Amino acid sequence: MILVVGGAGYIGSHLVKDLVMEEDVLVLDNLITGHREAIDQKALFIHGDIGDPFVLKTVFKNYPIKSVMHFAAYSLVGESVLDPQKYYENNVGSTLNLLNAMLKHNVKNFIFSSTAATYGIPNVELIDETIPANPINPYGKSKLMIEEILADYASAYEMKYTILRYFNAAGAHESGEIGEKHVPETHLIPLILQHLAGLRKNISVFGTDYDTPDGTCIRDYIHVTDLAKAHISALHSLLNGWNKSAVYNLGNGQGFSVKEVIETCEQVTGLKADVVYCERRAGDPGRLVASAEKIKRELGWEAERNLEQIIQSAWKWHRNQKY
Ligand code: UDP
């Protein structure tokens, strides 16, 4: 049985929907940002928090967990600057509880959701995993702290782990049953689609003076289903015992500017956006694009869905939201 912590959240729920086809899955989620309705019915569900040692003891004593996948984190850069305590308490403190409970119950396989925010503002076209981590906000730092703890736990306690550094996750499940729903929403693609669906007055572009061809920020958008498939590849490799503990980028290797994303949303929906050009948002690097060559080479995974497919799936979800 695989324990998926945070399996009611955006990325976790997409992973669970695919993973239940091949494994028994137990979801543990405190439902603070996740949605009960997003959890696939084939998965078992426990409502609880990894900060609570009693909950963890119950889970590890009563279920035959062979691996843990950890999606339960706060992930808003701006919020992490204003309230670092929330980020260090949950993303570091509670994750440490989880790792220690795993050790206690001899569960040694761990897949960790990390982030491109660990790189900070690298001045390179394509970011590969040899670029030194240098996070510039508490969110990125909280993720890097766990990455470092994992390396130490691996050498001291034989924990085996895979760290997956996501670039910009977007899109929705092909079934149309689950998708991206954050409250409040801060991410570019859902905000554009909400605007085009008439739920927001306009779409703001944060910064037009970046050192990029059209002056707006460039990001690497990756379909959430491609992310889910990468987790399943990583799980197979951990369970088959041939993978060394490692860190991998998850991206498409292709960057799109904010303006290009808006244009693609207009093409997919056939609707015209009302765009408002604003100041830069604090903490936004101008360009973040992954090299995902390492995971392709070592685990045979690569992203299969392009920006248009990402937006098509997200639009399908937006027009037919189930929760
Ligand atoms: N962005 C924007 N307007 C918005 C939301 C986001 O221009 O209303 C920009 C943001 O500055 C960044 C890109 O879109 O360059 C992606 O932002 P998002 O919040 O989706 O993801 P992030 O890259 O911050 O993780």
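Here is what the cut-offs are and how they apply
- Residues numbered from 1 in each chain as written.
- Predicted model: local features only at pLDDT ≥ 70, side-chain atom pairs only at ≥ 80, totals over all residues.
- UniProt positions renumbered as here; feature names shortened; annotations may be inferred.
- Domains from an automatic or database assignment.
- Contact = placed C-beta atoms within 7 Å.
- Helix = DSSP H or I, 4+ residues; strand = E, 2+ residues; numbered from the N terminus.
- Expected span 1.5 Å × (residues − 1).
- Buried ≥ 20, exposed ≤ 12 C-beta atoms within 10 Å, placed from the backbone.
- pLDDT = per-residue confidence, 0-100.
- Axes fitted to C-alpha atoms, helices over the stretch in contact; angles between N-to-C directions.
- Left-handed = near helix turned anticlockwise from the far one by under 90°.
- Nonpolar A, V, L, I, M, F, W, Y, C, P; charged D, E, K, R; others polar.

The protein chain goes by UDP-glucose 4-epimerase in an unreviewed UniProt entry, where it is assigned to Ureibacillus yapensis. In the Sequence similarities (unreviewed entry) part of its UniProt record, the protein chain is described as follows: "Belongs to the NAD(P)-dependent epimerase/dehydratase family." The protein chain has a UniProt comment under Catalytic activity (unreviewed entry) that states "UDP-alpha-D-glucose = UDP-alpha-D-galactose".

Visitor: Tell me about the domain arrangement of the protein chain, and name the residues and values.
Guide: Domain parsing of the protein chain yields domain 1 (2-170 + 222-250) and domain 2 (188-219 + 253-319). The straight-line distance from the C-alpha centre of domain 1 to that of domain 2 is 24 Å. The interface is formed by 28 residues belonging to domain 1 together with 24 residues belonging to domain 2. Residue assignment for the side of domain 1 that touches domain 2 shows that the elements contributing at least two residues are α3 (77-82), β7 (168-170), β10 (221-223), α7 (224-240) and β11 (246-250).

Visitor: A description of helix α4 (residues 84-104) should follow, citing residues and the corresponding values.
Guide: Across its 21 residues, α4 extends 29 Å between first and last C-alpha, which sits within 8% of the 30 Å expected from 1.5 Å per residue. Among all positions in α4, only Tyr87, Asn91, Ser94, Thr95, Leu98, Leu99, Ala101 and Met102 are buried. Lining the buried residues of α4 we find β1 (2-5), α2 (53-62), β4 (67-70), α3, β5 (109-115) and α5 (138-157). Looking one or two residues beyond α4, the residue adopting positive phi is Asn106, at roughly 60°.

Visitor: Tell me about the confidence of the model for the protein chain, and name the residues and values.
Guide: Taken over all residues, the pLDDT of the protein chain has a mean of 96, while the share at 70 or more is 99%. Across the whole predicted complex the pTM is 0.97, and at the interface the ipTM reaches 0.99.

Visitor: Explain the packing of α2 against α4 to me, and be specific about the residues and the numbers.
Guide: Running from N to C, α2 and α4 point in directions that differ by 35°, and their axes come no closer than 10 Å. Of the two elements, α2 crosses α4, and the hand of that crossing is right-handed. Residues Pro53, Leu56, Lys57 and Phe60 of α2 form the contact with α4, whose own contacting residues are Asn97, Leu98 and Ala101. Of the residues assigned to the contact of α2 with α4, the class counts are five nonpolar, one polar and one charged.

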